[in-house]
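Survey of secondary and tertiary structure
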Amino acid sequence: MTRMSTARIAAPLAAIAALGLLAGCSADTDGGGGEPSTEDQSVVFWTPQTTPERLAAQEAVAAAFTDETGIEVEVVPMAGADQDQALVTGSATGDVPDVILHASPQTGVWSSQGLLDSEAATATVEALGIDTFNQHALEAVTIDGEIAAVPSDGWTHVVAYRSDLLEQAGVDVPGTVEELADAATTIKEQLGITGLAFGTQAGTASATEGIQSLFHSAGCELVTDGEVVIDSDACTEAAEQFLRLRNSSVAGDFDVTSARAAYMNGDAAMLLFSTHILDELAGLDEATPATCPECAEQPAFLAENTEFVTVLGEDDPAQFGAILSYGIPTGANVEAAQQYIEYVLDAGYVDTLAVATEGRIPLRNGTADNPTEFIEAWGGLGIGPAHELTSVEIYGEEFVSEMAEGINAVSLWGMGTPDATLAGLVHSQGVLAGQIEQLYNGVPAADVTAAMKAAVEEVQAGL
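Residues numbered from 1 in each chain as written. Predicted model: local features only at pLDDT ≥ 70, side-chain atom pairs only at ≥ 80, totals over all residues. Heavy atoms only, no water.

With that out of the way, let us pick up the overall build of the protein. What the protein contains, in helices and strands, is 22 helices and 15 strands. Rg of the C-alpha trace for the protein: 23 Å, near the compact-globule value of 23 Å for 463 residues, within the 12% margin. Projected onto its principal axes, the C-alpha positions of the protein cover 75 × 55 × 45 Å. When contacts within the protein are restricted to residue pairs at least 6 apart in sequence, those whose partners lie at least 24 apart make up 75%. In the form shown here, the protein has an accessible surface area of approximately 18,400 Å², with 48% of it arising from carbon and sulfur atoms. Across the protein, 11 positive and 71 negative side-chain charges occur, with their mean positions spaced 8 Å apart. (Helix = DSSP H or I, 4+ residues; strand = E, 2+ residues; numbered from the N terminus. Rg over C-alpha atoms; globule rule 2.2 N^0.38 Å. Contact = heavy atoms within 4.5 Å. Areas by Shrake-Rupley, 256 points an atom, 1.4 Å probe, with all protein chains shown as cover. Lys, Arg positive; Asp, Glu negative; His and termini not counted. Charge placed at Lys NZ, Arg CZ, Asp CG, Glu CD.)

Here's what the structure looks like:
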């Protein structure tokens, strides 16, 4: 089958059903029934990292793999939302890609549909060394006791805080959600600025993330063994702390853009945000400049005065974030796919992470011989569009170990359990964010979490 060029695949498509044909067929082509020669093998790789810069970086890694193995790679840019239907369509016609970089909720759905080769993924993880991977990430892709995909990288929420403003307000660095609410409340009272800026606008995607992030870090679970438990005492307490944090704003409710702007303007002492904020705080992204009063004369002011809480919680911390993994579809060219994944998670791993450093923190921490090799290398990668400075140069050596703690605590509701599908639907449909306005309007927290439970159970009944 003739494979179409990457440029044509990146263009708008008239019909999603054609994507299976565009991606190409993965069948062996030696025609003799034996093992295909290296020259006959190839890999079609779907990636959601679709910006021109990120695509070029991934193509460079693929080219290096081809130089080493002789196996050609076609890098196909495809947004996550398009991958779902394209894989179903391709599977029906027998034309599937060989490797797909995708988010963890997709792993559960695709695995339940029989679209992923768990045996191939498990063998790849074992070849690289199970103990070299982030264990929470492995849990996220373990479905019915089998590793359904190979964890690659991800990001987490962090609490960025102005160390100078916390000192001025006389508050300690928070380590739990309750302490975070205490600190945010005191800052508003003492300094007259927002304590914590984060997504709180009811019904928005940013509120969905804020709820899951803070509720989970406070010890609240959405569902356990099929039972919806969002109305538990821990969740009701989390809702009360969430309200305190929301009320620490002096500017009303935030979405993701306005929350970031409040911190960049110097109008908020703390910010709950993804690790994508790292380059922006250092003034490395012209699209999102630092605009605090001190920043005009001192462009690095925010970075110099910002520190991070990378783990909230004590006994079993759970940091909200995203996990990207490599899946091998059922019917793919397994041998070539495995070789490619092993390459991009080993010899080509650092270059792969550099595609978008601040949003691609390694989920394979190192090798058996050097357990921290890749997380240390990550700290030495340039961040921001131009990769001008490294994380270590901006935030110091200790920052890298703190980020390692955060990514090693990454956790999503339901991950690695049969409840992952329900949790994914609740998140994607914004179910909890649709209920949170009741809390703002004075409805008791216990009644709000009871309403959340009813809404989640409605989704569950439709599965």
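Before going further, it helps to examine unusual backbone geometry. Positive phi, close to 50°, is recorded for D225, a residue that is not glycine. If you trace the backbone, D225 turns up in the loop between β8 (223–224) and β9 (227–228). In this model, H387 sits at a positive phi of 55°, which is unusual for a non-glycine residue. One can find H387 in the loop between β14 (382–383) and β15 (389–390). What makes H387 partly exposed here is its relative accessible area of 35%. (Buried < 20%, exposed > 50% of the residue type's maximum accessible area, 1.4 Å probe, protein only.)

Listed in full, the buried residues belonging to helix α12 (residues 256–264) are A259, R260, A262, Y263 and M264. Those residues of α12 that are buried are in contact with β6 (150–162), β7 (194–197), β10 (268–274), α13 (277–281), α14 (301–305) and β11 (306–309). Structurally, the start of α12 carries an N-cap: the backbone nitrogen of T257 is 3.2 Å from a side-chain oxygen of D255. A positive backbone phi angle near 85° is found at G266, which sits one or two residues after α12. (Polar contact = N/O pair within 3.5 Å; in protein donor to acceptor, adjacent residues only side chain to side chain.)

Following both chains from N to C, one finds helix α3 (residues 52–69) and helix α15 (residues 334–344) inclined at 120°, their axes separated by 10 Å at the closest point. When you trace α3 past α15, the crossing you get is right-handed. The residues of α15 that touch α3, namely those facing V61, A62, A64, F65, E68 and T69, are A336, Q339, Y340, Y343 and V344. When its residues are assigned to classes, the contact of α3 with α15 shows eight nonpolar, two polar and one charged. (Axes fitted to C-alpha atoms, helices over the stretch in contact; angles between N-to-C directions. Left-handed = near helix turned anticlockwise from the far one by under 90°. Nonpolar A, V, L, I, M, F, W, Y, C, P; charged D, E, K, R; others polar.)

So, on to the state of the cysteines. In this structure the tally under the stated criterion is two disulfides. In this model C220 forms its disulfide with C235; the gap between the sulfur atoms is 2.0 Å. Note on the C220 and C235 pair: the S-S dihedral is about 90°, so by sign convention the disulfide is right-handed. Of this pair, C220 sits in the loop between α10 (205–217) and β8 while C235 sits in helix α11 (residues 233–246), and the two are 15 residues apart along the sequence. Neither residue differs from the other here; C220 and C235 are each classed as buried. Among the cysteines of the protein that take part in disulfides, numbered as they appear in the sequence, the pairing is 1-2, 3-4. (Disulfide = S-S within 2.5 Å.)

At a minimum axis separation of 9 Å, helix α9 (residues 177–191) and α11 run at an interaxial angle of 25°. The orientation of α9 with respect to α11, classified from their angle, is roughly parallel. Note on packing geometry: the crossing formed by α9 with α11 is left-handed. Side by side, α9 and α11 meet where V177, E178, L180, A181, D182, A184 and T185 of the first sit next to Q241, R244 and L245 of the second. (Parallel < 35°, antiparallel > 145°, perpendicular 65-115°, else oblique.)

Turning next to the nonpolar core. Generally speaking, soluble globular proteins have nonpolar side chains that are buried together. Among the nonpolar cores identified, the biggest contains 80 residues, and F45, L281, L302, Y326, Y340, L345 and Y395 are the most heavily contacted of them. Examining the composition of this core, we find that six residues originate from one element, α15, more than from any other. Those residues in contact with L281, other than ones at most four positions away along the chain, are A160, Y263, M264, L302, A303, T306, F308 and Y395. F198, L222, A238 and A269 belong to the second largest nonpolar core, which has 50 residues in total. (Core = buried A, V, L, I, M, F, W, Y, C linked by side-chain atoms within 4.5 Å.)

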